[in-house]
Amino acid sequence: MQTRIISWDKTDGYDPEELREAVEILRSGGLVAFPTETVYGLGCDGTDEKAAKKVYEAKGRPGDNPLILHIAEREELDPLVKEIPPAAEKLIETFWPGPMTLVFRKSDAVPKTVTGGLGTVAVRMPAHAGARELIRAAGIPVAAPSANASGKPSPTECADVVEDLDGRIDMIIDGGEVGIGYESTILDMTGLRPVILRPGFITREMIEEVIGTPGDEAIPDSPSLAEDQAPKAPGMKYRHYAPKAELTVVRGDESEAVVKIDELARQFPPDKVGILTCDERMDRYEYGVVLSIGSEKDNTLGHNLYHSLREFDHRGVTRIYAETFFGSEQEDALMNRLMKAAGGQVVDLANYTRVVFVCKENVTISPMAEWIMKSIVMDKSIEICSRGLVVLFSEPINQKTIDLLNSHGVPCEEQSSRLLREEDIDENTLVITMSFTEKVKVVEAFGLTEHIYTLKEFVGLEDDVLDPYGGDEAAYEALYLELKDLLYKMKKRLGWQ
């Protein structure tokens, strides 16, 4: 098969005859790769079972990995799904067109070939003008996974699609470099509450502002679904985004990670080892092939992730060491992609498997810290709990604390105060107190010499976190906002997703 390449330009759009040609290919069951604002997609008629099978064959994609349907207008959604929950309507009104995919119960109009055999369908309306014009002109929902060979880094420019799929598909539309550089956020709207299946450019915080706190089933590390278990969304079961080279993520304090990566890299010839960093830290490395995923300062982290992974392959690199990247609004999406590219292969500089937040009575500050941290850490293998230093008898969490967490959509279970005991602390436990006095008492009581900090000390600040007991609602609200800010900083330093 000879793959035809046409172009779309931001100013001039399509050549009318070339657009008609692309539409005819889609309508007749062929495959067209096209740019979106996230990555390039490989499109086919989303109502044609045979065309969907061609997509799986061209990519080498497992048949139980569902495709995403792309539409150009809101009214095109209704025939594809059985129902649209009120929360979905709010998300559509806010984020469509844009990089958000919603999962619904499918109608009979959608073949199960497209949905990986599931009774649900994933749908999104891209913001890219060229993509929407193509879909609108075709007059059909376009099923489109990323336009790469299955498992490889997603394509962010035409050359990537040519590299993977030339001669295997009918047409590629060259729209230049994409804007975002990684895939859409996916939410499952079929349960009692929305659940994030894949983080993306639209963040949890953005979603919370519209519908409250969603659940989270994203897989941060290596795929873990059973062989006979179908994934609800792309990226949940199989290894994705991976270069040919072996990729390892070095997780921990930023400065310590730079030293460790340099040490690891020097075990290999300089032309065979790659280092993945950001613009601001490239000059810290003097060995190996050093590439950047973007700028922290310009908030472009992740834009060059897939491009850099492909570039390592082009340069013949066999081992890659990557920093952890936090500090941008899209950090969850970025680290999700990076960890999946690494297949869960991580070097932990501080291998904490448990965090214990400690305050005096374990009824206000430490429980609030516990539940906020649980809501922002995606790696569910880390145990997060709270304890008290003076717990004469067990009592429930302060009601103002529970009400405040609920008002912010932070899930919290009913629990009673618990005394910090020796069995709560092992060599992999990080103990975080709210005040310096509490830290001293823990050190004296348990003989700790390391892995214990006040919360502000841990993130490089001074002073204590003050108890709002006896204060009004504004005092509790101020505590919540302070803790949330500190805990995000703590998460960043630990390199946690």
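Analysis parameters
- Residues numbered from 1 in each chain as written.
- Predicted model: local features only at pLDDT ≥ 70, side-chain atom pairs only at ≥ 80, totals over all residues.
- Heavy atoms only, no water.
- Pairing = 2+ DSSP bridges.
- Helix = DSSP H or I, 4+ residues; strand = E, 2+ residues; numbered from the N terminus.
- Axes fitted to C-alpha atoms, helices over the stretch in contact; angles between N-to-C directions.
- Contact = heavy atoms within 4.5 Å.
- Buried < 20%, exposed > 50% of the residue type's maximum accessible area, 1.4 Å probe, protein only.
- Arc of directions from axis to C-beta.
- Core = buried A, V, L, I, M, F, W, Y, C linked by side-chain atoms within 4.5 Å.
- Salt bridge = Lys/Arg side-chain N within 4 Å of Asp/Glu carboxyl O.

Caption draft 1: The sheet that holds strand β15 (residues 289–292), seen in detail. Across the sheet, 5 strands lie side by side as β15-β14-β16-β13-β17; this open sheet has parallel pairing. The sheet terminates laterally at β15 and β17 (346–348), the two strands that pair on one side only. Taken pair by pair, the neighbouring strands of this sheet meet at an average axis angle of 25°, ignoring direction. With 4 bridges joining them, strand β14 (residues 273–277) and β15 adopt parallel strand pairing. Its bridge partner being in β15, L276 is matched across the sheet by L291. Against the sheet, helix α9 (residues 331–341) touches β13 (246–251), β14, β16 (319–322) and β17, its axis set at about 130° to β13.

Caption draft 2: Representation of helix α3 (residues 86–95). Along α3, the positions that sit buried rather than exposed are A88, L91, I92 and F95. Burial along α3 is one-sided: seen end-on, the buried residues are contained in an arc of 100°. Exposed side of α3, more than 90 degrees from the buried face: P86 and E93 are the residues found there. The elements touched by buried residues of α3 are β6 (100–105), β10 (185–188) and α6 (204–211).

Caption draft 3: Highlighting the nonpolar core. Residues L42, L77, W96, M100, L102, F104 and I169 are the most contacted members of the largest nonpolar core, which totals 43 residues. In terms of residue count, the dominant contributor to this core is helix α2 (residues 49–59) (5 residues). Dropping the residues within four chain positions of it, M100 is found in contact with L91, F95, V123, R124, S184, T185, L187, I202 and I207. In terms of nonpolar packing, the next biggest core, distinct from the first, is built from 35 residues, L405, Y476, L479 and L483 among them.

Caption draft 4: Local environment of the sheet that holds strand β19 (residues 383–388). What the 4 strands build is an open sheet, ordered β19-β18-β20-β21; its pairing is parallel. The open sheet has two free edges, formed respectively by β19 and β21 (452–454), since each of these has just one partner strand. The sheet shows a mean angle of 25° between the axes of neighbouring strands, direction not considered. The strands touched by helix α12 (residues 436–446) within the sheet are β18 (354–359), β20 (429–433) and β21, with β21 carrying the most contacts at an inclination of about 165°.

Caption draft 5: Summary view of the pattern of salt bridges. Inspection of the entire model under this criterion finds 34 salt bridges. The residue E83 makes a salt bridge to R105 at a minimum N-O spacing of 3.9 Å. Of the two residues, E83 sits in the loop between β5 (68–70) and α3 while R105 sits in strand β6, which places them 22 residues apart along the sequence. Of the charged contacts, one joins E163 and R310 as a salt bridge, the two residues approaching to 3.6 Å between their closest N and O atoms. Here R310 lies in helix α8 (residues 305–314) and E163 lies in helix α5 (residues 158–165), a separation of 147 residues in the sequence. By relative accessible area, E163 is classed as partly exposed at 39%. When salt bridges that share partners are traced, they join E254, R281, R284, E296 and E323 into one network.

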